[in-house]
Amino acid sequence: MHGKGSGKVKRRAAVILGTAVLAGTLAVPSASADGPSEIYLGKRSGTIRVGGLPTPYKWVDKQYRSTSLPNLRKHSIRITFGGCAHWRARAAVRWGRTYDTFESSATGCHKSVLLTPQGDLRANLTLTIHQDPTDVSASVIVKPVH
């Protein structure tokens, strides 16, 4: 009925399944998750006008302080455009000697994107909007919430 190797296959499957469950249990929580490893600091918001267009881009930056790393600030930036266009948003923040940069794009009408960079606790964040095909950009500096 069952061959000599069927017991080995069942044991191997059980070991693989147990390893997958253990790995899922010990996994690090997502950087954008609002949980016990973060303290909400507040939010900043504003608008960016690109190339003199009548419809501004609206942004909201919710900021969190990490409880596991003392000098780390996490950002959750939602950028929304009420018009119709092909555009992309990029957020960059200093983290140690380098920069953490997130970029996302959208095409169509009434679209939004979410950027989740993280960086030094006291670092400013640069938010840039680039609109195609006109190839124009605009930037804003977002100060940290204290």
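What counts and how
Residues numbered from 1 in each chain as written. Predicted model: local features only at pLDDT ≥ 70, side-chain atom pairs only at ≥ 80, totals over all residues. Heavy atoms only, no water. Helix = DSSP H or I, 4+ residues; strand = E, 2+ residues; numbered from the N terminus. Buried < 20%, exposed > 50% of the residue type's maximum accessible area, 1.4 Å probe, protein only. Polar contact = N/O pair within 3.5 Å; in protein donor to acceptor, adjacent residues only side chain to side chain. Salt bridge = Lys/Arg side-chain N within 4 Å of Asp/Glu carboxyl O. Disulfide = S-S within 2.5 Å. pLDDT = per-residue confidence, 0-100. Contact = heavy atoms within 4.5 Å.

J.: So what exactly am I meant to see when it comes to the side chain of Lys74 here?
T.: Along the polypeptide, Lys74 turns up in strand 3 (residues 72-95). For Lys74, a relative accessible area of 10% gives the class buried. Reaching out from Lys74, the side chain makes a polar contact with the side chain of Glu38 at a distance of 3.2 Å.

J.: In this structure, what is going on with the pattern of salt bridges? I would like to understand it.
T.: Close approach of charged atoms lets side chains of opposite charge pair. Overall, the coordinates contain four salt bridges when judged by the stated rule. Its salt-bridge partner being Arg88, residue Glu103 comes within 3.7 Å of it at the nearest N-O pair. Here Glu103 is found in strand 4 (residues 98-115), whereas its partner Arg88 is found in strand 3, with 15 residues between them in sequence. A salt bridge links Arg94 to Asp120, with the shortest nitrogen-to-oxygen separation between them at 3.0 Å. Of this pair, Arg94 sits in strand 3 while Asp120 sits in strand 5 (residues 118-120); the two residues are 26 residues apart in sequence, bridging distant segments of the chain. Accessibility expressed as a relative area gives 36% for Arg94, which makes it partly exposed. Within this structure, Arg88, Glu103 and Asp132 form a network of salt bridges that share partners.

J.: Would you mind showing me how to read the state of the cysteines here?
T.: Note: disulfide means a covalent bond formed between the sulfur atoms of two cysteine side chains. Taken as a whole and assessed by the stated rule, the structure comprises one disulfide. Here Cys84 connects covalently by a disulfide to Cys109, the sulfurs 1.8 Å from one another. Residues Cys84 and Cys109 are joined by a disulfide whose S-S torsion is about 110 degrees; by sign, that bridge is right-handed. Of this pair, Cys84 sits in strand 3 while Cys109 sits in strand 4, and the two are 25 residues apart along the sequence. Overall, the relative accessible area of 55% leaves Cys84 in the exposed class. Residue Cys109 is classed as partly exposed on the basis of its relative accessible area, which comes to 37%.

J.: What's the story with the confidence of the model for the protein in this structure? I'm lost.
T.: With 76% of its residues at a pLDDT of 70 or more, the protein shows a mean pLDDT of 84. Across the protein, the element-wise mean pLDDT spans from 55 in helix 1 (residues 6-26) up to 97 in strand 4. Per-residue pLDDT stays below 50 along residues 25-33; that stretch engages in six contacts with residues further than four places along the chain or on separate chains.

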